[in-house]
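# Structure at a glance
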Amino acid sequence: MTYIALEEVDVRAKFLALVLLSVTLYMASAASVAGLAFVIAGVYLLSGIRLRELAGEMKLVLVIVAAGVVGRVATEPTFHGLFEGVVAGGRFVVIVALAYLVATTSSSGEMEAAVESLFHRLPFVRESDWAAMFGAAVRFLPVVSDEAREVKRAHDSRLGDRRRFDHRLKTLAYPMLVGSLRRADTLALAMASRAYSPDRSRLLRLQWRRRDSLTVSVAAGAAAALALL
Amino acid sequence: MTDPLLKAADVTCSRGGEPVLEDVDLEVEDGEFVLLLGGNGSGKTTLLHHFNGLESPDEGYVEVDGVDVTGDPGHAREDVGMVFQDAGSQIVSERVEDDVAFGPENLGLPQEEIQTRVDEALESVGAKHLRDRSTHRLSGGELRRVALAGVLAMQPRLLALDEPLVGLDYTGSRAVLEELKDLNDDGIAVVAATHAPRRYLDVADRAVVLYEGGVAEDGRLSEVLDGVERYGVEPVDELGGGSG
């Protein structure tokens, strides 16, 4: 239900709410961060997304957070250092969870249109190019991830690379980089072959409604509360 | 006499100092179905790229409907729809409907017209049910249909297809060939590059063989196929194979 309601909200309102909450999170106390994390976890549970599924999607984020906490403790090996590290990691996880919520309740076309609409107000920015870049990035990320998986499988099929970690990294990174560049080149050709033009029209037109203003107001209220509490 | 829909004259092109195409002459009329045959590295893909303005000749020229492609690639891209060998690599959007709409959006068409074209294109390739699917989760056959729909939505007069049947099983190949036959019957010219002509016997009228960058044969498909294996093309009476 919550999920469907979020799908109905204009992506621009979701983007604005995400920016407001993300910026304020860095001023918020540990208790406020924990409070917001509980609210978001509630939204996820109501939306039917299983937390295990979410954890799977956020595996890399959790690794980065864990590395950050370890790094913080290494520079300040006290309980305070650990506490600060966990809070900083918590902020990062909450922001990523918010962004994931926006991404899963919006189509790529809507997000592209939102980028175009928001950048339209900025001077010296060709909004359609930015929107196209955003769309290409959204399309490209799973392609890069596939590339990485294929390279890894190719290694495993030859009994893997049992040498040192830096060697393993090098033998994975090089073919991945080459493959990704080749795919990027083909994507550019594909866009050109279909007459890509910055002066393009849009199938999708976003419409700002009252519920979108309400969403931004609620996010602004929550951001103010986070900053003050 | 009217101009051909596509005319390539003395097209010469090299890459890294190595010649890829040498003095290639080719004309395609409205409504023709031409097979571009040749082995690996014979220049088929490079020649197709010239039709759509993705590559420019070092010498010679390519015209689409009498307009020089190098001078006005936008015109060629409206008239010539290009489908790559790896259909998945030409998908530019994350959602099927958005991807099919990409071309018409680039033409600056009004929203209603884009919607109509997207609906018609998806319908014509039997992919209406895929409209809201993520392009990342499509099978090989579905990707090829979506790629074709994305090109058809631009309402091209000529389809340039690079190995359109490669990687498809018998059922998938038949479905794509029937779609191509229907489109060709509707008046859209088709140029399909392949090294395995067997599956096209019922649909193609003419074949052009590229060998070492030049046109080695050009004629009716049945006539050209005799002894075609000497150019690296799979002979029609050979069992198995027939991938592209």
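Only a predicted model underlies this, so the values are computations on that prediction, with no experimental measurement involved.

This part is about the nonpolar core. All names here are of chain B. In terms of nonpolar packing, the biggest core is built from 49 residues, with F33, L35, V100, L148, L159 and Y200 touching the most fellow members. By residue number, the principal contributor to this core is helix α5 (residues 140-152), which donates seven residues. L6, V24, L48 and L158 belong to the second-largest nonpolar core, a separate cluster that totals 39 residues.

On to the confidence of the model for chain A. Averaged over every residue, the pLDDT of chain A is 84; residues scoring 70 or more account for 96%. Averaged pLDDT values over the elements of chain A bottom out at 73 in helix α1 (residues 2-8) of chain A and peak at 92 in helix α2 (residues 11-25) of chain A.

Quick look at the interface of chain B and chain A now. At the junction of the two partners, chain B supplies 34 residues and chain A supplies 26 residues. Counting the surface lost from both chain B and chain A, the interface buries some 2,700 Å², and carbon and sulfur atoms represent 54% of this. Along the contact surface separating chain B from chain A lie two salt bridges. Note that A:R194 and B:D99 form a salt bridge whose closest N and O atoms lie 3.1 Å from each other. Our count for the contact surface shared by chain B and chain A stands at 12 residue pairs in polar contact (both at pLDDT 80 or more). Secondary-structure elements contributing two or more residues to the side of chain B that touches chain A are α3 (96-106) and α4 (111-124) of chain B. Of the residues assigned to the side of chain B that touches chain A, the class counts are 13 nonpolar, 14 polar and seven charged.

A few words on the pattern of salt bridges. All names here are of chain B. For the coordinates displayed, the defined rule picks out 25 salt bridges over all chains. One salt bridge connects R131 with E97, and the closest N-O pair in it is separated by 2.6 Å. Placement of the pair is R131 in the loop between α4 and α5 and E97 in helix α3, with a sequence separation of 34 residues. The exposure class of E97 is buried, given its relative accessible area of 10%. Beyond isolated ion pairs, a larger network of salt bridges with shared partners links R95, E97, D98, D119, R131 and D132.

Our focus in this paragraph is the pairing of strand β3 (residues 33-37) of chain B. All names here are of chain B. Burial runs high along β3: five of the five residues are buried. The two faces of β3 match: F33, L35 and L37 on one face and V34 and L36 on the other face are all buried. Strand direction decides the pairing type here: β3 and strand β8 (residues 189-194), joined by five bridges, are parallel. Of the residues in β8, the one forming a bridge with F33 is V190. In this structure, β3 lies alongside strand β9 (residues 206-211), joined through four bridges in parallel fashion. Looking at the pairing, L36 lines up with V208 of β9.

Below, the discussion takes up the domain arrangement of chain A. Residues and elements named next belong to chain A. In terms of domain boundaries, chain A breaks down into domain 1 (10-124 + 209-229) and domain 2 (127-197). Computed from C-alpha atoms alone, the centre-to-centre distance between domain 1 and domain 2 is 27 Å. Each side of the interface is counted separately: domain 1 has eight residues, and domain 2 has eight residues. Sorting the residues of domain 1 by area buried against domain 2 places E112, E116 and F119 first, and these three jointly supply 57% of that buried surface. Here domain 1 is connected to domain 2 by zero salt bridges. Inspection of the domain 1/domain 2 interface yields one residue pair in polar contact (both at pLDDT 80 or more). A per-element tally of the side of domain 1 that touches domain 2 places helix α7 (residues 108-119) first, with six residues. Along the lines of polarity and charge, the residues of the side of domain 1 that touches domain 2 split into four nonpolar, two polar and two charged.

Cut-off values and rules
- Here, residues in each chain are numbered from 1, in the same order as that chain's written sequence.
- Key to labels: chains lettered from A, ligands numbered from 1, both in the order written.
- Selection of residues for local features in this predicted model requires a pLDDT of at least 70, selection of side-chain atom pairs for listing and counting requires 80 or more, and totals for whole chains, interfaces and linings are taken over all residues.
- Hydrogens are left out, water is left out, and the side-chain values use all remaining heavy atoms of the structure.
- Grouping buried Ala, Val, Leu, Ile, Met, Phe, Trp, Tyr and Cys residues that are joined through side-chain atoms within 4.5 Å yields what is termed a nonpolar core.
- With a 1.4 Å probe rolled over the protein chains alone, any residue whose accessible area is under 20% of its type maximum counts as buried; one over 50% counts as exposed, and the rest are partly exposed.
- Helix numbers and strand numbers start at the N terminus; a helix is a DSSP run of H or I with at least 4 residues, a strand a run of E with at least 2.
- What pLDDT reports is the predictor's confidence in each residue, on a scale of 0 through 100.
- Here, two residues are considered to be in contact whenever any of their heavy atoms come within 4.5 Å of each other.
- Computed with a 1.4 Å rolling probe, the buried area is the accessible surface lost when two parts are put together, summed over both parts.
- By salt bridge we mean one thing: a side-chain nitrogen of Lys or Arg within 4 Å of a carboxyl oxygen of Asp or Glu.
- Whenever a nitrogen or oxygen atom comes within 3.5 Å of another N or O atom, the pair is scored as a polar contact, on the condition that within protein one atom can donate a hydrogen and the other can accept it, and that pairs from neighbouring residues in sequence are kept only if both atoms are in side chains.
- Three classes are used, and their members are as follows: Ala, Val, Leu, Ile, Met, Phe, Trp, Tyr, Cys and Pro are nonpolar, Asp, Glu, Lys and Arg are charged, and the others, Gly among them, are polar.
- In this analysis, strands are considered paired if DSSP registers two or more bridges between them.
- Where a domain begins and ends is set by an automatic assignment or by a domain database.

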